[in-house]
Amino acid sequence: MQPWPKQCSDGPFTLTGIVFDIQRFCVHDGPGIRTTVFLKGCSARCAWCHNPESFSMRPQVQYYADRCINCGTCTRIGNRGSLECHSNALVMSGKEMDADEVLRQVLDDKPYYRESSGGVTLSGGEPVLQGDFCETLLKRLRDEGIHTNLQTAGFYPFAMLDRLVPFLDMVMYDIKGINAAIYSDYIHADRSLALDNLKRLDAAGVPFIVRTPCVSGVNDSEDEIGAIAQMLAGLQNLQYYMLIPCHSLAKIKYDILEQEYHHFRAPEKERMETLERLAARHIRVRNNYGELPGSH
C-alpha cells in the first residue's frame, strides 16, 4: 500500500477532491457549530477505524443487502459493476467535488458559525493526503472569514501539513499511542512520523488539541496514557487533551463495503475517568463535560 499519493505533495495544482460526506451542525469537531467535510484516503489502517469508507482514495460501491430485491439488474451488467440499481441497494461512497461546490454548501450555515464561533472542519480519512484540494478550500474559507480546523493523525511528510498551516485556525491531532507495538500491530503506520510531526506543528505556532481514541486492551493502560500526557506537557501550543472512547457503531459500514470487521470495546466509564485524572496531573484535560481539575 502506498501511504500517500505523490501528487498531493508535489503534483499539479488541482481544485477537486474526493469527498465521502459533508455533515452539518457538528458540535464535537472543533469550537461552536461546524460543518465537517470528510475526504477519502488514509495513510493508516487502524484496526478499530469507524470510517472504513475513507481507506481508499477512490469512490467505492457500498452494498446494502437488506435493500436488495434480487432483480438481477446488477448481475446482468457486471456483478455490481454499475450503480444501476432499482432498489438503491448499491450506493457510491465518494464523489469528486471542486472547492467552490463544497464552499457553496458550507456557506449555507455561515450564520450559525458566526453566532456560535464555529466554522468548518476538514476530516477523513486523512485530509492532508488531498493537499491541493485542502489548500484551495481553506483559502476560500479564509476569504469568507470562516474559522478553519483540520483533523489529522500525522502519517505523512511534514511538508504536506506545513503548506496548510497558513490557512488553519486550529488542528485536532490524534495520537493513538506511544508504544511502538500499538503502531505495528493495530495502526499499521509510522509512529515516528506522527510524533515528530506533532512537535513540528507545535513549532509552527498553530493552536491544537490532541485526542486519543481509547481502546480496551490496546492503549488504555495507565503507563500508555501517562507517557502520552508527559510527552504533551512539553508542547507550547497545546490547548487541551481529550480521551475518546472507541465505539462499535461502524460495523454496518464494514458490512456494506463487504470488509472484515474487528470488534473492539471502549474502556469502562470508571477506567476512562481514571485515565483522565492521570493525564490531568500533567496537562489540561477536557471531556464532554468540561475541563478536569489537575495539578498542571
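Residues numbered from 1 in each chain as written. Predicted model: local features only at pLDDT ≥ 70, side-chain atom pairs only at ≥ 80, totals over all residues. Heavy atoms only, no water.

### Some words on helix 8 (residues 191–204)
- For helix 8, built from 14 residues, the straight-helix expectation of 20 Å at 1.5 Å per residue is met to within 8% by its first-to-last C-alpha distance of 20 Å.
- Taken as a whole, helix 8 has its buried residues at Leu193, Ala194, Leu195, Asn197, Leu198, Leu201 and Asp202.
- After helix 8 finishes, the residue Gly205 shows a positive phi value of roughly 85°. (Helix = DSSP H or I, 4+ residues; strand = E, 2+ residues; numbered from the N terminus. Expected span 1.5 Å × (residues − 1). Buried < 20%, exposed > 50% of the residue type's maximum accessible area, 1.4 Å probe, protein only.)

### A closer look at the pairing of strand 10 (residues 238–245)
- In the sheet, strand 9 (residues 208–214) pairs with strand 10 via 7 bridges, with the strands oriented parallel. Bridge assignment links Cys214 to a residue of strand 10, and that residue is Pro245. (Pairing = 2+ DSSP bridges.)

### Focus on unusual backbone geometry
- A cis amide bond, omega 10°, links Gly124 with the succeeding residue Gly125.
- Here Gly125 lies in the loop between strand 6 (119–123) and helix 5 (131–143).
- Non-glycine residue Phe25 carries a positive phi angle of around 55°.
- Along the polypeptide, Phe25 turns up in strand 1 (residues 16–26).

### As for the packing of aromatic side chains
- In this structure the tally under the stated criterion is 6 aromatic pairs.
- Ring geometry for Phe25 against Tyr112: centres 4.9 Å apart, planes inclined by 75°, an arrangement best described as edge-to-face. Residue Phe25 is found in strand 1, and its partner Tyr112 is found in helix 4 (residues 110–116); the two are separated by 87 residues along the sequence.
- On the basis of relative accessibility, which here comes to 41%, the residue Phe25 falls in the partly exposed class.
- Exposure remark for Tyr112: the relative accessible area of 41% places this residue in the partly exposed category.
- Ring geometry for Trp48 against Phe264: centres 6.0 Å apart, planes inclined by 85°, an arrangement best described as edge-to-face. Of the two residues, Trp48 sits in the loop between strand 2 (34–39) and strand 3 (60–63) while Phe264 sits in the loop between helix 10 (251–256) and helix 11 (269–280), which places them 216 residues apart along the sequence. Each of the two residues, Trp48 as well as Phe264, counts as buried.
- Members of the aromatic cluster, joined through ring pairs, are Trp48, Tyr186 and Phe264. (Phe/Tyr/Trp six-rings, centres within 6.5 Å; stacked < 30°, edge-to-face > 60°.)

### Comments concerning the packing of helix 3 (residues 99–107) against helix 5
- The contact between helix 3 and helix 5 brings their axes to 9 Å, and the two run at 40°. Judged by the angle between their axes, helix 3 and helix 5 are oblique. Crossing geometry of helix 3 relative to helix 5 is assigned as right-handed. Residue-level inspection shows Ala99, Asp100, Val102, Leu103 and Val106 of helix 3 in contact with helix 5, the latter providing Phe133, Thr136, Leu137, Arg140 and Leu141.
- When grouped by side-chain class, the residues that make up the contact of helix 3 with helix 5 number 7 nonpolar, 1 polar and 2 charged. (Axes fitted to C-alpha atoms, helices over the stretch in contact; angles between N-to-C directions. Parallel < 35°, antiparallel > 145°, perpendicular 65-115°, else oblique. Left-handed = near helix turned anticlockwise from the far one by under 90°. Contact = heavy atoms within 4.5 Å. Nonpolar A, V, L, I, M, F, W, Y, C, P; charged D, E, K, R; others polar.)

### Points about the confidence of the model for the protein
- The pLDDT averaged across the protein works out to 88; a share of 92% of its residues lies at or above 70.
- A low-confidence stretch, residues 1–14 stays under pLDDT 50, and its non-local contacts, those more than four residues away or across chains, total 29 contacts. (pLDDT = per-residue confidence, 0-100.)

### Considering the sheet that holds strand 5 (residues 95–98)
- Here we have 8 strands laid out as an open sheet, ordered 5-1-2-6-7-8-9-10, and mixed in their pairing. Across the chains shown, the open sheet's two edge strands, defined by having one partner strand only, are strand 5 and strand 10. Neighbour-to-neighbour, the strand axes of the sheet open up by a mean angle of 30°, direction not taken into account.
- In the sheet, strand 1 pairs with strand 2 via 5 bridges, with the strands oriented antiparallel. Bridge assignment links Asp21 to a residue of strand 2, and that residue is Phe38.
- In the packing of helix 3 onto the sheet, the strands contacted are strand 1, strand 2, strand 5 and strand 6, and the crossing angle to strand 5 comes to about 85°.

### Description of the side chain of Glu276
- With respect to the helices and strands, Glu276 occurs in helix 11.
- Buried charge without a partner: Glu276 forms no salt bridge, and the closest opposite charge is Arg277, 7.0 Å away.
- Those residues in contact with Glu276 that sit more than four places away from it in its chain are Leu243, Val285, Asn287 and Leu292. (Lys, Arg positive; Asp, Glu negative; His and termini not counted. Salt bridge = Lys/Arg side-chain N within 4 Å of Asp/Glu carboxyl O.)

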